[in-house]
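# Summary of the model geometry
Listed here are the chains, written in short residue letters.
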Amino acid sequence: MAIIIDPISDMFVRIKNAIARKYNEVIIPHSNKKVKILEIFKKEGYISAFEVQQVKDKPNFKEIKVSLKYKGMNQNISAISGIKRISKPGLKVYAQASQVPYVLSGFGTAIISTSKGLLTDKEARKAHVGGEVVAYIW
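Residues numbered from 1 in each chain as written. Predicted model: local features only at pLDDT ≥ 70, side-chain atom pairs only at ≥ 80, totals over all residues. Heavy atoms only, no water.

An unreviewed UniProt entry lists the protein chain under the name Small ribosomal subunit protein uS8, with Metamycoplasma subdolum as the source organism. According to its UniProt record, the protein chain has this under Function (unreviewed entry): "One of the primary rRNA binding proteins, it binds directly to 16S rRNA central domain where it helps coordinate assembly of the platform of the 30S subunit." UniProt annotates the protein chain under Sequence similarities (unreviewed entry) with the comment "Belongs to the universal ribosomal protein uS8 family." (UniProt positions renumbered as here; feature names shortened; annotations may be inferred.)

Here's what the structure looks like:
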């Protein structure tokens, strides 16, 4: 089993790969931060649902089963056009409250790690808080 240096990037790559293959679901190793990010994805309409479940053979381990969302006439266009990791383990990117970024002129969502928890860019602007820019999704 490989050591994952950046678990958030790993989650994004798994989601991108599942979308490229037109899968309906993807399994991701569990962490509380991933659950918070997926809550934002669900609230913003990028995924249908997600569920935390026990790994069958390992009772101490959990995984997250993410149901991807597709739209269009034949349900063949993903609700997620792109995901980009901004802050990385080797380079943290921060934004002040007055400089919280807009993604695609407000059509996308930035995820900001603030003192009030993980927030979308809109919520961070409304609460007048800045923090670490975790990712963009559109």
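After presenting the structure, the write-up continues.
## Describing the overall build of the protein chain
Across its full length, the protein chain holds three helices and ten strands. Starting at the N terminus and walking to the C terminus, you meet the elements of the protein chain as α-β-α-β-β-β-β-β-β-β-β-α-β. For 138 residues, the compact-globule estimate of 2.2 N^0.38 gives 14 Å, and the protein chain sits close to it at 15 Å. Considered along the principal axes of its C-alpha atoms, the protein chain spans approximately 45 × 40 × 25 Å. Counting only residues that meet the buried cut, the protein chain has 38% of its 138 residues in that class. Within the protein chain, counting contacts between residues at least 6 apart in sequence, those at least 24 apart form 57% of the total. Here the protein chain has roughly 8400 Å² of accessible surface; of this, 54% comes from carbon and sulfur atoms. (Helix = DSSP H or I, 4+ residues; strand = E, 2+ residues; numbered from the N terminus. Rg over C-alpha atoms; globule rule 2.2 N^0.38 Å. Buried < 20%, exposed > 50% of the residue type's maximum accessible area, 1.4 Å probe, protein only. Contact = heavy atoms within 4.5 Å. Areas by Shrake-Rupley, 256 points an atom, 1.4 Å probe, with all protein chains shown as cover.)

## As for the domain arrangement of the protein chain
Much of the literature gives interface size as the accessible area that the parts lose upon coming together. Examined at the domain level, the protein chain breaks down into domain 1 (23-76) and domain 2 (81-137). Placing a centre on the C-alpha atoms of domain 1 and another on those of domain 2 gives a separation of 21 Å. Listed by partner, the interface residues are eight residues for domain 1 and twelve residues for domain 2. Between domain 1 and domain 2, a total of about 850 Å² is buried, with carbon and sulfur atoms accounting for 70% of that surface. (Domains from an automatic or database assignment. Buried area = accessible area lost by both parts, 1.4 Å probe.)

## Regarding the side chain of serine 87
Here serine 87 is to be found in the loop between strand 6 (83-85) and strand 7 (94-95). What makes serine 87 buried here is its relative accessible area of 0%. At 3.1 Å, the side chain of serine 87 forms a polar contact with the side chain of glutamate 132. Once residues within four sequence positions are removed from consideration, serine 87 is found in contact with Lys92, Val93, Glu132, Val133 and Val134. (Polar contact = N/O pair within 3.5 Å; in protein donor to acceptor, adjacent residues only side chain to side chain.)

## A few points about helix 1 (residues 7-20)
Compared with the 20 Å implied by 1.5 Å per residue over 14 residues, the 20 Å span of helix 1 between its first and last C-alpha is a close match. Along helix 1, the positions that sit buried rather than exposed are Ile8, Asp10, Met11, Phe12, Ile15, Ala18 and Ile19. Count one or two residues on from helix 1 and you reach lysine 22, which has phi positive near 60 degrees. (Expected span 1.5 Å × (residues − 1).)

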